[in-house]
Amino acid sequence: MEKRNPFLCGVVEGFYGRPWSMDQRKVLFQWMQHWGLNTYLYGPKDDLKHRLLWREVYSPEEEVQLRTLIVEAQSRGLRFVYALSPGQDIVFSSSCDLTLLKRKLRQVSDLGCQAFAILFDDIDHSMCQADSEAFSSFAHAQVNVTNEIYRFLGEPPVFLFCPTEYCGALCSPSVSKSPYLQTVGEDLLNNITVIWTGSKVISRKLSADCLAEVESVLQRPPLIWDNLHANDYDSRRLFLGPFKGREPQLKSHLRGLLLNPNCEFEANYIPLHTLGSWHRAGEEERKDEESDYCPDRALSAALHDWMEELNQPLQAGRQCTRADHRSSAQSRCKTPDRSEGASTFRGTSSVAKLPVFPLNSSSPPSSPTKGEREPGLSNHEPPGSRPGAPSGGCRGQKAQGRALCGGKGLLSESQVRLLVGLHYLPHEHGPSAQKLLQDLTWLKSNCHLVSANSKKAPLKVDEWRGRASRFLSLCEDVAQLHCSVVGGANRAVLYDLYPYVWDLRNTALVAKAFICWLDGRVLSDSSTLGSWRNCFHWCGKTTGADLLGVESEPWAFKGGISGEVQMLLPIGSSSELFSHPPPLFPTSRLYNIRPYHNKDKLELYRMVRQLHLRTQGGQESSFAHPDVVGDRCLGPCLALCPEYSFILEDELGVCGCVLGISDVRSFAKRCQANWIPAMRDKYPPKGGNTQSYTQDLIQLMEEDQGEYPDSLLYHFPSQLRLDALPELVDVSVSRTLLTALLTALKANGSQGVFCEVQPTDRQRLEFLTKMGFVEILRGEARSREGVVLGRLL
């Protein structure tokens, strides 16, 4: 009996989303063989011939692919389980559907498959009229078909059945009293194994008591379909943490355990490596101290092996032919399969459909891909140059405190631990994520200590700034991790991990800029302009961990660590500011966003002057004073409300900024009282033609600060200016820069912001539209043309 029914432990490819490629599955089999796993279940939800088109047989070409995969698994000592999901539209009482089901499984059996699964998960409980007349219940219909198929296939030693009530939370009214499970337990043939996920769809822990209860109802030990590392329910979450929350002693209550992991193949090295450690733990022949499974110890061993794998020069889309000597030095091909065919066994070599990352990842390709231009960016960003950068080399020095990040290098162990800690498990953050959230929560709760108009307590201020320094350092580590992943040697890992690292990098940039801005700029409760009474409203009272609790499914709170950091920010509920697609061409350029300092003025003036010259075809203005453009575009904001100006810099220095005005009415009065007179003194008429130009210049400055309708300012009291918004290959950096400004405006009480754009500037109009801005006013309301777009905060 022990030989006939060994413990099944391995992987189920059962997630929603793009299935793995054939080559990735072959690599998976190599991993499984080395880590002592023994079972692979094929059941990707988005393979049409597995689920939606389950009645269709495989084509001759697909048969060859499937046979090859089955043989490959068996050659590695693995049991290949083929699963079919007919439940969405099968008519249980139809002899025709039953015949088609048998035909499909007989085809797979003839290819060498000896283990099967019938899945009835995630379907409606209702039956059609014909089935209602033929069967007394939904469970009876499923059991009847399953038993017949099992007999038809010759009663194979491994035959799995996934019920519709596949976890405790789905059972009605409970596990022990569920009529559905009782029918399954009583009528399903004894040698058919029932699949179970635990108390929840994604169970934090599996307990012996709960398993004993379901074993009693089903009258057999279940097989666990473990969704601990599944991430198909949240596009912003990835799980790199160890297999955890399942004691090895639970095996006595189980027929097996199959892990349904991340959709991204490369993200599953640690989850599967540690699953292998769990499976080997407690074996009779292992008498050493490592016979007891320890998740932290298993994680360290997996990290050690993954380090070698991460730093191998593997190209996405190519099969390497290195010796198959160890799990951490496997031959691997990482072409994500983008086949549009009905089955995942077709078109596994369609590399041409994939975006190709540049060989030198520190700079994007010199020629843009057709149709990929986005507003606010240039598709060519050669290293060390930027539109509007001064030609005199002022940007030639690296930004202080940050190193140049480019080219292919090695990920350090501390970076890999940071990566895992930030993308840990669905119910639990790793150490680095915990530290990030704890510090951000404390800093926003105590920012009154450093507010612009509070009485300073030196010791408390020092404590706040010390915590802020630690938080900023961790955010810088996240940014460095991003560019190291992009610049790393393993392009296969880049394909799968980049969207998540990139997303967290952008969120961390906003959070870092916000914490820097709080010090001396946020207004406390004593200010009539401030919103300190609403601090905990705009910061968010509840973190994801508080919201989830032990009893909730992980999808109750979206976004993982990125989502929780986002929700701790004043505009965290504005998801459109944080959710946008990653760039087609990743760049490892290292960016930083921070509040404006007076020393930045000269660099910003030079930058906007260069931008102006470019729009004028390189011709100098007839008025050659070097500050003219800067004084008109940036000067009023930098002089009168510098606290709402944010700087973007890269390794070479300042490369862009965005300016804000909190109260437009007050700002306009101050301009007329202080700025315009100062400009008249700076640009006095000197006779001749210069006088008329000077008058025109002053007039333009006055028009820039012209009046806006009260109906506009009532809802949108604040304004932003994009005169120095950078043009980048990764347009998300520009969006992140603008988000930092909106965060500051919201924190100090603004309820809405507007921006005026020329109608011909289609790129900027599209850019703002994607940031949630809508057209609220046309130019006829003012003396000059322009489209006014606004958004509420």
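This structure is a prediction, so every number in the text was calculated from the model and none was measured.

Engineer: When you look at the sheet that holds strand β14 (residues 774-777) in this model, what are you seeing that I'm missing?
Structural biologist: Picture the strands of a sheet paired through backbone hydrogen bonds; they go either parallel or antiparallel. Strand order in the open sheet made by the 7 strands is β9-β10-β11-β12-β13-β15-β14, with mixed pairing throughout. If you trace the sheet from one side to the other, it starts and ends with β9 (592-595) and β14, each paired once. Going across the sheet, the axis of each strand differs from the next one's by a mean of 30°, ignoring polarity. Sheet analysis places strand β10 (residues 645-650) next to strand β11 (residues 653-661), joined by 6 bridges and oriented antiparallel. Residue pairing across strands places E649 opposite V654, the latter belonging to β11. Packed on one face of the sheet, helix α13 (residues 491-518) meets β9 and β10 and runs near 20° to β9.

Engineer: When you look at the packing of aromatic side chains in this model, what are you seeing that I'm missing?
Structural biologist: Any aromatic ring pair is given by two values, namely how distant the centres are and how the planes are angled relative to each other. For the coordinates displayed, the defined rule picks out 22 aromatic pairs. Seen in terms of ring centroids, F29 and Y40 are 5.1 Å apart; in terms of plane orientation they differ by 70°. Their pairing is edge-to-face. With F29 in helix α1 (residues 22-35) and Y40 in strand β2 (residues 39-42), the pair connects residues that are 11 residues apart, well separated along the chain. Judged by its relative accessible area of 0%, Y40 falls in the buried class.

Engineer: So what exactly am I meant to see when it comes to the pattern of salt bridges here?
Structural biologist: Once the charged atoms of two side chains with opposite charge are near each other, the side chains can pair. With the rule as written, the count across this model stands at 26 salt bridges. Linking E72 and R76 is a salt bridge whose minimum nitrogen-to-oxygen distance equals 3.5 Å. Ionic pairing is found between K682 and D631, a salt bridge with its closest N-O pair at 2.8 Å. On the criterion of sequence distance, the pair formed by K682 in helix α20 (residues 664-682) and D631 in helix α18 (residues 628-633) is long-range, its members being 51 residues apart. When its relative accessible area of 32% is taken as the criterion, K682 is described as partly exposed. In this structure D631 comes out as buried when scored by relative accessible area, which is 1%. In this structure, a network of salt bridges that share partners links the residues R55, D89 and D97.

Engineer: How should I be thinking about the packing of helix α11 (residues 431-445) against helix α12 (residues 458-486) in this particular structure?
Structural biologist: To characterise two packed helices, one gives the angle between the axes of the helices and the distance between these axes. Orientation of α11 relative to α12, taken along the N-to-C sense of each, is 140°, at an axis distance of 10 Å. Classified by chirality, the crossing of α12 by α11 is left-handed. Residues S432, K435, L436, Q438, D439, L440, W442 and L443 of α11 lie in contact with α12, whose contacting residues are E463, W464, R467, A468, R470, F471, L474 and C475. A class-by-class count of the residues in the contact of α11 with α12 yields 9 nonpolar, 2 polar and 5 charged.

Engineer: Which parts of the structure should I look at to understand empty space enclosed by the protein?
Structural biologist: In total, this model carries 6 cavities of 30 Å³ or more according to the counting rule given. Size it by volume and the largest cavity reaches roughly 90 Å³. In terms of residue class, the lining of the largest cavity is built from 6 nonpolar, 7 polar and 3 charged.

Engineer: Teacher, can you tell me more about the side chain of R51 here?
Structural biologist: Note on placement: R51 falls in the loop between β2 and α2 (60-75). Of the side chains bearing the opposite charge, D121 lies closest to the buried R51, which forms no salt bridge; the N-O distance is 4.2 Å. The residues contacting R51, other than those within four sequence positions of it, are Y16, K45, S85, Q88, D121, D122 and I123.

Engineer: Even after reading the chapter, I still don't get the packing of α1 against α2, so can you show me in this structure?
Structural biologist: The contact between α1 and α2 brings their axes to 10 Å, and the two run at 10°. Here α1 is positioned roughly parallel relative to α2, judged by the angle of their axes. Contact with α1, carried on its side by M22, R25, K26 and F29, involves Q65, T68, L69, E72 and A73 of α2 and no other residues of that element. For the contact of α1 with α2, the residue count by class is 4 nonpolar, 2 polar and 3 charged.

Engineer: Please clarify how the environment of K244 should be interpreted in this entry.
Structural biologist: Residue placement: K244 occurs in the loop between β7 (223-226) and β8 (256-259). Residue classification places K244 among the partly exposed residues on the basis of a relative accessible area of 24%. Contacts of K244, omitting those with residues within four sequence positions, involve R204, L228, P295, Y424, L425 and E428.

Engineer: Can you help me understand unusual backbone geometry in this one?
Structural biologist: Trans peptide bonds make up most of the peptide bonds, and negative phi angles are found at most residues other than glycine. P173 follows S172 through a cis peptide bond whose omega is 0°. Mapped onto the elements, P173 comes out in the loop between β5 (158-162) and α6 (179-187). For Q219, which is not a glycine, the phi torsion comes out positive at approximately 60°.

Engineer: I would appreciate a short explanation of the nonpolar core in the present structure.
Structural biologist: Soluble globular proteins tend to bury their nonpolar side chains together. F80, Y82, W306, W464, L634, F646 and L738 are the most contacted members of the largest nonpolar core, which totals 208 residues. It is α13 that provides the largest number of residues to this core, a total of 17 residues. Grouped together as the second largest cluster of nonpolar side chains are 21 residues, V12, V81, A117 and L223 included.

Engineer: Hey, could you run me through the pairing of β5 in this one?
Structural biologist: Moving residue by residue along a regular strand, the side chains alternate between the two faces of the sheet. Counting buried positions along β5 gives 5 out of 5 residues, so the element sits mostly inside the fold. Alternating positions in β5 separate into two faces, V158, L160 and C162 on one and F159 and F161 on the other, with burial throughout. Across 5 bridges, strand β4 (residues 115-119) lies against β5 in parallel orientation. Paired with I118 across the two strands is F161, which belongs to β5. With 2 bridges connecting them, β5 and strand β6 (residues 193-196) associate as parallel partners. Bridge assignment links F161 to a residue of β6, and that residue is V194. In the classification by handedness, the crossover that spans β5, the intervening α6 and the parallel β6 is right-handed.

Engineer: Looking at this structure, how should I read helix α9 (residues 295-310)?
Structural biologist: Because an α-helix packs 3.6 residues into every turn, residues spaced three or four apart end up facing the same way. Here α9 is 16 residues long and its end C-alpha atoms lie 21 Å apart, about the 22 Å a rise of 1.5 Å per residue gives. All of the buried residues along α9 are P295, A298, L299, A302, L303, D305, W306, M307, E309 and L310. Where α9 is buried, its residues touch α1, α8 (269-280), α10 (413-422) and α13.

Engineer: Would you mind showing me how to read the pairing of strand β12 (residues 718-721) here?
Structural biologist: Along β12, one buried face is formed by S718 and L720 and the opposite face, lined by Q719 and R721, is buried too. For the crossover that starts at β12, traverses helix α23 (residues 731-747) and ends in the parallel strand β13 (residues 752-757), the hand is right-handed.

Engineer: What is the right way to read the sheet that holds β6 from this model?
Structural biologist: Ordered in space as β1-β2-β3-β4-β5-β6-β7-β8, the 8 strands form a closed barrel in which the pairing is parallel. If you compare each strand with its neighbour and ignore which way they point, the axes differ by 25° on average. Inspection of the sheet shows strand β1 (residues 8-13) paired to β8 by 4 bridges, in the parallel sense. The residue bridging C9 from the neighbouring strand is L257, located in β8. Its contacts with the sheet place helix α5 (residues 138-152) against β4 and β5, and it is angled at close to 165° to β5.

Engineer: Help me out: how do you make sense of α8 in this one?
Structural biologist: An ideal rise of 1.5 Å per residue puts 16 Å on 12 residues; α8 measures up with 17 Å between its terminal C-alpha atoms. Counting buried residues in α8 gives 11 out of 12 residues, a clear majority hidden from the surface. Taken residue by residue, α8 has Y269, I270, P271, L272, H273, T274, L275, G276, S277, W278 and H279 as its buried positions. Looking at the buried side of α8, the elements it contacts are β1, α1, β8, α9 and α10.

Engineer: Looking at this model, I keep getting lost on the confidence of the model for the protein chain. Mind explaining?
Structural biologist: Predicted coordinates in regions of low pLDDT should not be interpreted in detail. Averaged over every residue, the pLDDT of the protein chain is 82; residues scoring 70 or more account for 79%. The low-confidence segment residues 396-404 (pLDDT under 50) makes 21 contacts with residues lying over four places distant or belonging to another chain.

So, how was this worked out
- Residues numbered from 1 in each chain as written.
- Predicted model: local features only at pLDDT ≥ 70, side-chain atom pairs only at ≥ 80, totals over all residues.
- Heavy atoms only, no water.
- Pairing = 2+ DSSP bridges.
- Helix = DSSP H or I, 4+ residues; strand = E, 2+ residues; numbered from the N terminus.
- Axes fitted to C-alpha atoms, helices over the stretch in contact; angles between N-to-C directions.
- Contact = heavy atoms within 4.5 Å.
- Phe/Tyr/Trp six-rings, centres within 6.5 Å; stacked < 30°, edge-to-face > 60°.
- Buried < 20%, exposed > 50% of the residue type's maximum accessible area, 1.4 Å probe, protein only.
- Salt bridge = Lys/Arg side-chain N within 4 Å of Asp/Glu carboxyl O.
- Left-handed = near helix turned anticlockwise from the far one by under 90°.
- Nonpolar A, V, L, I, M, F, W, Y, C, P; charged D, E, K, R; others polar.
- 1 Å grid on protein atoms, 1.4 Å probe; cavity = no way out; pocket = protein on both sides within 12 Å on 5 of 7 lines; lining within 4 Å.
- Points joined across faces, edges and corners; volume = space filled by probe spheres on them.
- Lys, Arg positive; Asp, Glu negative; His and termini not counted.
- Parallel < 35°, antiparallel > 145°, perpendicular 65-115°, else oblique.
- Core = buried A, V, L, I, M, F, W, Y, C linked by side-chain atoms within 4.5 Å.
- Right-handed = clockwise from strand over helix to strand, strands pointing away.
- Expected span 1.5 Å × (residues − 1).
- pLDDT = per-residue confidence, 0-100.

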